[in-house]
Amino acid sequence: MKKIITTIAICGIAAAMVSTTSCKKNNDDDMVVTPTPTLYDSLGGTTMVADPTNSGQMIEKGRLGIRSVVDSTIFVIAADTALNKFFPVLLAEVTAGNTTGFAALSKNLTDFFCVATGAKNFTYAGKNMVDAHDPAKNPRMNGKSSTADFDRFVTDLVTGAKKVGLSDQLIGQVGAVVNTTRSQVVQK
Ligand code: HEM
């Protein structure tokens with residue numbers, strides 16, 4: 001059941017990002033179908049590049065861009081007194097030098113945004129968006145979040161994205177994806 005709900009949540013977002021196609025005639029008058037790039041493509045797509053934080057490993061450029069925004073945003077939120085009260089478990093772990101939870105959150109958020117922006121080579125295996133933000137289902141979430149908290153999260157995401165040099169146009173498109181989760185994340 002959890003898997004089904006997760007799939008529905010992700011499909012809902014993916015539907016918003018679904019890649020369309022356009023048709024053009026080539027010189028031989030044949031119809032050529034060209035897929036319209038997804039947001040994931042615009043973020044760098046499947047081109048393999050060296051992973052700057054894992055020496056000797058390669059990573060899709062789109063995933064690297066998303067992971068950079070995610071990690072940057074986690075740091076912005078960790079320093080934001082309006083939001084960091086929601087993350088007591090994570091902050092206590094990191095303060096004690098344990099980065100396991102940070103790595104898991106970074107991976108899950110990165111997978112989530114990869115799938116939501118149209119990546120084909122990754123899947124999201126974390127909690128569905130309702131459970132992830134329900135303190136009864138996720139003890140790492142300290143309290144339910146409001147519309148104001150969500151808006152603040154988006155502000156921090158924009159700050160995090162700007163810090164790693166994402167263009168305003170791409171930030172706007174990522175923001176639109178994020179907004180599709182609002183009704184699931186806001187629970188009070
Ligand atoms: C804006 C859209 C948001 C998205 C797409 C999002 C996405 C996610 C995802 C994918 C996870 C990981 C779930 C898992 O590991 O199974 C997560 C965890 C979490 N989210 Fe969100 N979230 C959003 C907004 C918010 C807001 C507004 C808050 C609080 C005000 C919040 C607080 C948390 C907390 C506390 C966790 C658990 C962190 C931990 O692992 O310690 N999120 N979120």
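Going by the structure above, here's the rest.
Our subject in this report is the structure included herewith. (Residues numbered from 1 in each chain as written. Predicted model: local features only at pLDDT ≥ 70, side-chain atom pairs only at ≥ 80, totals over all residues.)

## Quick word on the pairing of strand β2 (residues 31-35)
- Taking burial as the measure, the five residues of β2 include zero buried ones, a minor fraction of the element.
- Across five bridges, strand β1 (residues 21-25) lies against β2 in antiparallel orientation. Across the sheet, K24 pairs through a bridge with V32, a residue of β2.
- Taking the residues between adjacent antiparallel strands as the criterion, β1 and β2 are bridged by five residues, where D29 takes a positive phi near 70 degrees. (Buried ≥ 20, exposed ≤ 12 C-beta atoms within 10 Å, placed from the backbone. Helix = DSSP H or I, 4+ residues; strand = E, 2+ residues; numbered from the N terminus. Pairing = 2+ DSSP bridges.)

## Here's the deal with the site of the ligand
- Every one of the 24 residues lining the ligand counts as a neighbour, but G126, K127, R140, S145 and F153 are closest to it.
- Elements with a minimum of two residues in the shell around the ligand: α4 (88-95), α5 (100-116) and α7 (147-163).
- Among the elements that line the shell around the ligand, the one with the most residues is α5, at five residues.
- By residue class, the composition of the shell around the ligand is 14 nonpolar, seven polar and three charged. (Near = placed C-beta within 6 Å. Nonpolar A, V, L, I, M, F, W, Y, C, P; charged D, E, K, R; others polar.)

## A closer look at helix α3 (residues 61-78)
- The end-to-end C-alpha separation of α3 is 26 Å, in line with the 26 Å expected for 18 residues at 1.5 Å each.
- Counting buried positions over the 18 residues of α3 gives 13, a clear majority of the element. (Expected span 1.5 Å × (residues − 1).)

Remember, this is a structural readout, not a statement about activity or role.
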